[in-house]
Amino acid sequence: MTRRALLMLQIVTGDPRPITRQITDGIKRQIAGGDLIPGDALPSVRGLAQQLSINPNTVAKAYAELAAEGWLLSRTGLGLFVAEQRQRLSDEERERRLAEAVGRFVSDVIGLDYPQQTILDRVAADLSNYETKKTA
């Protein structure tokens, strides 16, 4: 039997990311953290749009991006489901995205004037939360 997933997403109006990106990032985070598992059924486009009080086209675009990247699997007539985990990107693309993300992160935190070790410890602690959920 398929488990119907409850997406715990929140749209933040002050967030500089577009709403579509907030949705895709939130779903990816829930999958990576083990809150959503392969085979879980996602809410319908209309259902999630109503839950978040946003335009259904925005949800449809986010779902389409996640399906194109391999995070979600569309089953005709049944809806969208969390896909089995696999390497979704080439090694080169993964490296490019990591470098880009690290660059953005460093730019964001460099002005906060924390010691480097404090920043590294905080990142390691947050990442360890995902490893714990994956293996649990």
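Not measured: the values here are computed from a predicted model. (Residues numbered from 1 in each chain as written. Predicted model: local features only at pLDDT ≥ 70, side-chain atom pairs only at ≥ 80, totals over all residues. Heavy atoms only, no water.)

(A) Molecular detail of the overall build of the protein. If you tally the helices and strands in the protein, you get 5 helices and 2 strands. Scanning the protein from its N terminus toward the C terminus, one meets helices and strands in the order α-α-α-β-β-α-α. If one aligns the C-alpha atoms of the protein with their principal axes, the spans along those axes are about 50 × 35 × 30 Å. Looking at the 136 residues of the protein, the share that counts as buried comes to 29%. Considering only residue pairs separated by 6 or more positions, the protein has 58% of its internal contacts joining residues 24 or more positions apart. Carbon together with sulfur atoms contributes 54% to the accessible area of the protein, which is approximately 9,500 Å² in total. Side chains of the protein give 18 positive and 17 negative charges; the mean places of these two sets differ by 8 Å. (Helix = DSSP H or I, 4+ residues; strand = E, 2+ residues; numbered from the N terminus. Buried < 20%, exposed > 50% of the residue type's maximum accessible area, 1.4 Å probe, protein only. Contact = heavy atoms within 4.5 Å. Areas by Shrake-Rupley, 256 points an atom, 1.4 Å probe, with all protein chains shown as cover. Lys, Arg positive; Asp, Glu negative; His and termini not counted. Charge placed at Lys NZ, Arg CZ, Asp CG, Glu CD.)

(B) Seen up close, the pattern of salt bridges. In this structure the tally under the stated criterion is 9 salt bridges. Arg-17 is paired through a salt bridge with Asp-25; the nearest N and O atoms lie 2.6 Å apart. Look at Arg-17 and you get partly exposed, because its relative accessible area is 33%. Salt-bridge contacts for Glu-69 lead to Lys-28; the nearest nitrogen and oxygen are separated by 2.9 Å. Taken together, the positions of Glu-69 in the loop between helix H3 (56–68) and strand S1 (72–75) and Lys-28 in helix H1 (residues 19–32) put the pair 41 residues apart, joining distant regions of the chain. Through salt bridges with shared partners, one network takes in Glu-93, Arg-96, Arg-97, Glu-100 and Arg-104. (Salt bridge = Lys/Arg side-chain N within 4 Å of Asp/Glu carboxyl O.)

(C) Here's a closer look at the pairing of strand S2 (residues 79–82). Pairing analysis gives 4 bridges linking S1 to S2, with the strands arranged antiparallel. Residue pairing in the sheet places Ser-74 in a bridge with Leu-80 of S2. Hairpin connection, S1 to S2: the antiparallel pair is bridged by 3 residues, and Gly-77 has positive phi, about 80 degrees. (Pairing = 2+ DSSP bridges.)

(D) Main features of the packing of H1 against H3. Across the interface, H1 lies against H3 with an axial gap of 9 Å and an inter-helix angle of 45 degrees. It follows from the interaxial angle that H1 and H3 lie oblique. Here H1 runs over H3; the crossing is right-handed. When H1 is examined against H3, the residues Ile-19, Thr-20, Ile-23, Thr-24, Ile-27 and Lys-28 are found in contact with a partner set consisting of Thr-58, Val-59, Lys-61, Ala-62, Tyr-63, Glu-65 and Leu-66. In terms of residue class, the contact of H1 with H3 is built from 7 nonpolar, 3 polar and 3 charged. (Axes fitted to C-alpha atoms, helices over the stretch in contact; angles between N-to-C directions. Parallel < 35°, antiparallel > 145°, perpendicular 65-115°, else oblique. Left-handed = near helix turned anticlockwise from the far one by under 90°. Nonpolar A, V, L, I, M, F, W, Y, C, P; charged D, E, K, R; others polar.)

(E) Geometry of the nonpolar core. In terms of nonpolar packing, the biggest core is built from 20 residues, with Leu-7, Ile-23, Ile-27, Leu-42, Tyr-63 and Leu-72 touching the most fellow members. For this core, the secondary-structure elements that each account for two or more residues are H1, helix H2 (45–52), H3 and S2. With 4 residues, the single largest contributor to this core is H3. With residues near it in sequence (within four places) discarded, Tyr-63 still touches Leu-7, Ile-27, Leu-42, Pro-43, Ser-44, Val-45, Leu-48, Leu-72 and Leu-80. (Core = buried A, V, L, I, M, F, W, Y, C linked by side-chain atoms within 4.5 Å.)

(F) Molecular detail of the packing of aromatic side chains. Taken as a whole and judged by the stated rule, the model has 0 aromatic pairs. In this structure, Arg-75 packs its charged tip against the face of Phe-81, placed 4.2 Å from the ring centre. (Phe/Tyr/Trp six-rings, centres within 6.5 Å; stacked < 30°, edge-to-face > 60°. Lys NZ or Arg CZ within 6 Å of the ring centre and 35° of its normal.)

(G) Looking closely at the confidence of the model for the protein. Confidence in the prediction for the protein averages 86 pLDDT; 90% of positions are at 70 or higher. When mean pLDDT is taken per element in the protein, H3 scores highest with 95 and helix H5 (residues 116–135) scores lowest with 78. (pLDDT = per-residue confidence, 0-100.)

(H) Broad picture of unusual backbone geometry. A positive phi is found at Ser-53, a non-glycine position, where the angle reads about 55 degrees. Assignment of secondary structure puts Ser-53 in the loop between H2 and H3. We note that Asp-113 has phi near 60 degrees; this positive angle belongs to a residue other than glycine. Inspection of the secondary structure assignment puts Asp-113 in the loop between helix H4 (91–109) and H5.

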